[in-house]
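Structural overview for review
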Amino acid sequence: MSHPFTLLSTRPLDAASVAALQQAGVNVDVVECIHTTAVQDAALTNQVLALAARQQLVIFTSMNAVEAVAVMLQQHQPVWQIACIGQTTLQLVQQHFTNSTVVATGSDALDLAKHIVALPAKDGAVFFCSNIRRHELPDYLQQHGVPLQELVVYHTHEIPVQMNKLYDAVLFFSPSAVRSFFAVNTVPHTTALFAIGSTTAQALQTAGYSNIVVANAAGKEAMIETFLNWYTASQKPVE
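Residue numbers here run from 1 along each chain, matching the order of that chain's written sequence. Confidence filtering applies because this is a predicted model: local features only for residues at pLDDT of at least 70, side-chain atom pairs given and counted only at 80 or more, and all residues used for totals across whole chains, interfaces and linings. Side-chain metrics rest on all non-hydrogen atoms present in the structure, leaving aside hydrogens and water.

Side note on the environment of Leu13
What counts is decided by this rule: Only DSSP runs of H or I with at least four residues qualify as helices, and only runs of E with at least two residues qualify as strands; both kinds are numbered from the N terminus onward. Think of it in three bands: residues with accessible area under 20% of the maximum for their type are buried, residues over 50% are exposed, and the middle band is partly exposed, with areas taken using a 1.4 Å probe on protein chains only. The criterion used for residue contact is that any of the two residues' heavy atoms lie within 4.5 Å.
Residue placement: Leu13 occurs in the loop between β1 (5–9) and α1 (15–23). Given the relative accessible area of 14%, Leu13 is considered buried. Leave out the neighbours within four places in its chain, and Leu13 touches Val18, Leu21, Val28, Val30, Phe173, Lys220 and Ile224.

Section: unusual backbone geometry
The backbone of Gln75 shows a phi angle near 75 degrees, a positive value even though the residue is not glycine. Along the chain, Gln75 turns up in the loop between α3 (63–73) and β5 (81–85). One non-glycine residue, Gln87, adopts positive backbone phi at about 60 degrees. Considering the arrangement of structural elements, one finds Gln87 in the loop between β5 and α4 (88–96).

Considerations on the confidence of the model for the protein
We apply this condition: Per-residue confidence from the predictor is reported as pLDDT, a score between 0 and 100.
Within the protein, residue pLDDT values average 92, and 97% of them lie at 70 or more. Mean pLDDT across the elements of the protein bottoms out in helix α8 (residues 198–206) (91) and peaks in strand β9 (residues 169–172) (98).

Side note on the packing of helix α7 (residues 175–184) against α8
This is how it is decided: Axis definition: a line fit to C-alpha positions, over the contact stretch in the case of helices; interaxial angles, taken between N-to-C directions, run 0 to 180 degrees. For classification purposes, an angle smaller than 35 degrees is called roughly parallel, one larger than 145 roughly antiparallel, one from 65 to 115 roughly perpendicular, and anything else oblique. Should the near helix be turned anticlockwise from the far one by less than a right angle, the crossing is termed left-handed; should it be turned clockwise, right-handed. Just so you know the grouping, Ala, Val, Leu, Ile, Met, Phe, Trp, Tyr, Cys and Pro go in nonpolar, Asp, Glu, Lys and Arg go in charged, and all remaining residues, Gly too, go in polar.
Interhelical geometry of α7 versus α8 gives an angle of 25 degrees and a closest axis separation of 8 Å. On the basis of their axis angle, the class for α7 and α8 is roughly parallel. Pair α7 / α8 crosses with right-handed handedness. Residues Pro175, Val178 and Phe182 of α7 pack against Thr199, Thr200, Ala203 and Leu204 of α8. Considered class by class, the residues forming the contact of α7 with α8 number five nonpolar, two polar and no charged.

Right, here's the structure in full:
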């Protein structure tokens, strides 16, 4: 009898996702490869509060940035124009910034940058990001003449963990998680590697792997849906 299918998620999953995986017959483990902490700095908080008084175009590519800024605002509700990654980040933006308007969304940072460039008049934007943010969005905006102010509102810490067993598939939700995981691990090239977006897929390619499946949209829900669709198809007998 074949062994149960084993899946590793490098980021915590909600109870509904775990239940859906288990119902499909997948044994899932969760091992975090990165840890994030919000920046706690009075000068930065004052800077964010000053921005809250302006009608400003702001950019979020991470749910961690949304949550960090929401805490700094101290219940203030800015009237911002917001450009953000879809799904989970978008949901948090709509939850925390009820007086603001989402004017652009994208499936990944580069896709979002292209939508920002396509917006009408742009006097510049503020990018709330991590200390190890990716370069695709800032580079694209700079190339297209969009002034950008970057504010680091959270830090990403890589925490490599050596795995003591092999998995049939691994879920990766960021390039930093890819770097952290492969700093101390290797996997067979038959292992299915799932990426939340194109930048994460590129990080997997840089690590030397090609058996990559990219989620059909941004967000953990889309990642689980993509995996389950792939898993269901992979279990069908070959005719």
